[in-house]
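These are the residues of each chain, in order.
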Amino acid sequence: MAALGWLTPRRRSATARSVLAGEASAEAARKTAQALDADSGPPAESEEAAGQAAAEEAEPAEPEFPVAGDDLAAAFFDLDNTVMQGAAIFHFGRGLYKREFFHRRELARFAWQQAWFRLAGVEDPDHMQDARDSALSIVKGHKVCELMAIGEEIYDEYMAERIWPGTRALAQAHLDAGQKVWLVTAAPVETATIIARRLGLTGALGTVAESVDGIYTGRLVGEPLHGPAKAEAVRALAAAEGLDLERCAAYSDSHNDIPMLSLVGHPYAINPDTKLRKHARAHDWRLRDYRTGRKAVKVGVPAAAGVGAIAGGAAAAIALHRRRK
């Protein structure tokens with residue numbers, strides 16, 4: 001069995017790059033949250049719609065939580081397969097391919113990289129760095145505002161109809177209690193911010209790509225906001241916002257987010273993968289499953305492949321290319 005060791009994902013602890021990524025994401029989230037309050041874009045779902053979703057996804061009442069008026073509490077929601085069906089990076093990459101941001105040569109390389117991550121599930125540092133560099137090279141030189149505008153269009157095209165009503169109702173419950181609600185995702189912070197605004201949430205923690213004078217440099221700040229980096233981002237934001245993590249809640253579908261879920265006093269497993277379901281049951285965490293089948297398969301690329309805005313679109317791009325033949 002030793003020969004199969006390379007197929008086993010390695011659990012990572014926080015590194016200096018994880019901390020840097022988390023702190024950068026927290027800083028970006030706080031800045032954009034103020035802009036979200038004044039944004040005049042498309043309105044969030046109405047409370048009536050959220051209430052209807054809650055009724056459709058009825059669960060046993062838990063009147064003690066969230067606690068109304070507790071300004072030391074907040075909620076942190078993973079995005080992919082927790083709030084939204086599939087991976088945001090997958091949908092965003094699909095939209096960029098449609099707009100010819102990358103072509104067949106890049107497609108072949110991304111397809112190989114995604115196949116490796118899917119098969120091995122191993123975050124080899126050199127391989128991950130190569131994948132990130134390939135992905136980021138495509139947005140290098142583009143304006144941040146350009147990608148934001150395109151992101152708005154992509155949300156309408158591919159993401160809006162994929163929001164889980166049940167998870168959306170959980171987020172609304174925190175908002176109705178007067179608490180802030182943040183998305184936490186390996187997706188680019190710009191994409192995550194668009195989704196948060198459209199859903200009427202407070203803001204988003206996401207992977208931060210470096211920009212100078214509003215132009216992407218092709219480098220990340222730290223590393224993708226994945227695994228331990230997510231926990232570091234939540235920790236940094238909680239410190240900046242004066243939150244008591246024991247009174248906060250976190251929601252995720254993936255065992256990769258156990259570090260983030262373990263930080264808070266109210267962890268939830270939403271549409272959990274097998275490892276998270278097992279961990280949640282062992283630690284008496286709350287579970288919710290809004291999928292139609294217990295063995296529902298995740299849509300899109302694994303979060304471990306969080307290499308920026310592009311690489312997640314490889315699978316969709318391949319499908320589109322085949323249909324064009």
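Our subject in this report is the structure included herewith. The structure displayed is predicted, hence computed values, not measured ones.

Our next topic: the overall build of the protein chain. Along the backbone of the protein chain there are twelve helices and eight strands. The 325 residues of the protein chain split such that 53% are buried. Across the protein chain, contacts joining residues at least 24 apart in sequence account for 72% of those joining residues at least 6 apart. With an accessible surface of roughly 15,000 Å², the protein chain has 53% of that area assigned to carbon and sulfur atoms.

Two elements in contact, helix α6 (residues 144-159) and helix α8 (residues 189-198), have axes whose closest approach is 9 Å; the angle formed by their N-to-C orientations is 55 degrees. Accordingly, the angle class assigned to the pair α6 and α8 is oblique. For the pair α6 and α8, the crossing hand works out as right-handed. The residues of α8 that touch α6, namely those facing Val144, Met148, Gly151, Glu152, Tyr155, Asp156 and Met159, are Glu190, Thr191, Ile194, Ile195, Arg197 and Arg198.

Further remarks concern the packing of aromatic side chains. Using the criterion set out here, one finds two aromatic pairs in the structure. Ring geometry for phenylalanine 77 against tyrosine 251: centres 4.1 Å apart, planes inclined by 5 degrees, an arrangement best described as stacked. Taken together, the positions of phenylalanine 77 in strand β1 (residues 74-78) and tyrosine 251 in strand β6 (residues 249-252) put the pair 174 residues apart, joining distant regions of the chain. For phenylalanine 77, a relative accessible area of 1% corresponds to the buried category. The exposure class assigned to tyrosine 251 is buried, which follows from its relative accessible area of 1%. Summarising the aromatic geometry, the rings of tyrosine 251 and tyrosine 268 are spaced 4.5 Å apart at their centres and angled 20 degrees between planes, so their arrangement reads as stacked.

Of all eleven residues making up helix α3 (residues 88-98), nine are buried, and the element is well covered by its neighbours. Of the positions making up α3, those classed as buried are Ala88, Ile89, Phe90, His91, Phe92, Gly93, Gly95, Leu96 and Tyr97. Downstream of α3 by one or two residues, glutamate 100 has phi in the positive range, about 60 degrees.

Moving on: the packing of α3 against α6. Between α3 and α6, the shortest axis-to-axis distance is 9 Å and the interhelical angle comes to 110 degrees. As judged from the angle between their axes, α3 and α6 are roughly perpendicular. Contacts between α3 and α6 involve Ala88, His91, Phe92, Arg94, Gly95, Leu96 and Lys98 from the first element and Leu147, Ile150, Gly151, Ile154, Glu157, Tyr158 and Met159 from the second. Counted by class, the contact of α3 with α6 contains eight nonpolar, three polar and three charged residues.

What counts, and at which threshold
- Residues numbered from 1 in each chain as written.
- Predicted model: local features only at pLDDT ≥ 70, side-chain atom pairs only at ≥ 80, totals over all residues.
- Heavy atoms only, no water.
- Helix = DSSP H or I, 4+ residues; strand = E, 2+ residues; numbered from the N terminus.
- Buried < 20%, exposed > 50% of the residue type's maximum accessible area, 1.4 Å probe, protein only.
- Contact = heavy atoms within 4.5 Å.
- Areas by Shrake-Rupley, 256 points an atom, 1.4 Å probe, with all protein chains shown as cover.
- Axes fitted to C-alpha atoms, helices over the stretch in contact; angles between N-to-C directions.
- Parallel < 35°, antiparallel > 145°, perpendicular 65-115°, else oblique.
- Left-handed = near helix turned anticlockwise from the far one by under 90°.
- Phe/Tyr/Trp six-rings, centres within 6.5 Å; stacked < 30°, edge-to-face > 60°.
- Nonpolar A, V, L, I, M, F, W, Y, C, P; charged D, E, K, R; others polar.

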